[in-house]
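Geometric and topological summary
Single-letter residue listing:
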Amino acid sequence: MITRRAVLVASALFTIASLPAFAGAPIAYTDAAFEAAKKENKPILIAIAADWCPTCKAQEPILSDLLADDAFKNMVAFRVDFDAQADVVRALGAQSQSTLIVFVGEKEVGRSVADTHSDSIEELMRRAL
């Protein structure tokens, strides 16, 4: 017997499954994925973050909202773990967590540190479009 609850759960799972993968949130950084995005000349956002960082926590919903916007549908967004990926942090020339960097293909076109204002973060991200 199919219950109302089973129908609701199935409906929710279908809705979630039909969403684009990782829509609205950065994915974990890997060298291979970053290199592939650069070679494809994609707009790229890198968010260097730490789980313990309150500024990073404040940036997360802003980035999620902006990345869910159609204007940024082609942007590839990566999250670099400040503590676990120190080699990547150094390679990107970042000094601290809460650093946002945007690229167009191989070229860095902007960065900010500790910004928690949606308008200026959006402006930064638009530089890559």
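Below: a short report on this structure. Worth saying up front: this structure is predicted, and the values here are computed from it rather than measured.

Comments concerning the overall build of the chain
Each helix and strand in the chain was counted, giving five helices and five strands. In sequence order, the chain lays out its α and β elements as α-β-α-β-α-β-α-β-β-α. In the chain, which comprises 129 residues, the proportion classed as buried is 36%. The long-range fraction of contacts in the chain, counting pairs at least 24 apart against all pairs at least 6 apart in sequence, stands at 70%. Put simply, the chain shows about 7800 Å² of open surface, and 57% of that area lies on carbon and sulfur atoms.

With respect to the packing of aromatic side chains
Two descriptors summarise a pair of aromatic rings, namely the distance from one centre to the other and the angle between the planes of the rings. Under the counting rule described, the total for this entry stands at four aromatic pairs. Measuring from ring centre to ring centre gives 5.9 Å for Y29 and F78, while their planes differ by 75 degrees; the resulting arrangement is edge-to-face. Of this pair, Y29 sits in the loop between β1 (27-28) and α2 (31-39) while F78 sits in strand β3 (residues 76-81), placing them 49 residues apart in sequence. The same class applies to Y29 as to F78, namely buried. Each ring, one from F34 and one from F103, has its centre 5.3 Å from the other, and the planes form 75 degrees; the classification is edge-to-face.

Some details on the side chain of Q59
Along the polypeptide, Q59 turns up in helix α3 (residues 54-68). Using a relative accessible area of 2% as the deciding quantity, one classes Q59 as buried. Once residues within four sequence positions are removed from consideration, Q59 is found in contact with S98, L100, A114, D115, T116 and I121.

Focus on the pattern of salt bridges
One pass over the structure, following the stated rule, counts seven salt bridges. Ionic pairing is found between R79 and D81, a salt bridge with its closest N-O pair at 3.9 Å. Residue E122 is joined to R126 by a salt bridge in which the shortest nitrogen-to-oxygen separation is 2.9 Å. With E122 and R126 both in helix α5 (residues 118-126) and four residues apart, this pair spans about one turn of that helix. Owing to a relative accessible area of 23%, E122 belongs among the partly exposed residues under this scheme. By relative accessible area, which is 39% here, R126 ends up partly exposed.

Some details on the side chain of T99
The topology assignment puts T99 in strand β4 (residues 99-104). With relative accessibility at 1%, the residue T99 sits in the buried group. Apart from residues lying up to four places away in sequence, T99 is in contact with I46, A47, I48, A94, R111, S112 and V113.

As for the pairing of strand β5 (residues 107-113)
Pairing geometry for β4 and β5, over six bridges, is antiparallel. The residue bridging I101 from the neighbouring strand is R111, located in β5. Count of turn residues in the β4/β5 antiparallel hairpin: two residues, of which G105 carries a positive phi of about 60 degrees.

Structural notes on the sheet that holds β1
In spatial order, the strands read β1-β3-β2-β4-β5; together these five strands make up an open sheet with mixed pairing. For this open sheet the edge positions go to β1 and β5, each flanked by a neighbour on one side alone. Against the sheet, α3 touches β2 (43-49), β3 and β4, its axis set at about 160 degrees to β2.

Parameters at a glance
Residues numbered from 1 in each chain as written. Predicted model: local features only at pLDDT ≥ 70, side-chain atom pairs only at ≥ 80, totals over all residues. Heavy atoms only, no water. Helix = DSSP H or I, 4+ residues; strand = E, 2+ residues; numbered from the N terminus. Buried < 20%, exposed > 50% of the residue type's maximum accessible area, 1.4 Å probe, protein only. Contact = heavy atoms within 4.5 Å. Areas by Shrake-Rupley, 256 points an atom, 1.4 Å probe, with all protein chains shown as cover. Phe/Tyr/Trp six-rings, centres within 6.5 Å; stacked < 30°, edge-to-face > 60°. Salt bridge = Lys/Arg side-chain N within 4 Å of Asp/Glu carboxyl O. Pairing = 2+ DSSP bridges. Axes fitted to C-alpha atoms, helices over the stretch in contact; angles between N-to-C directions.

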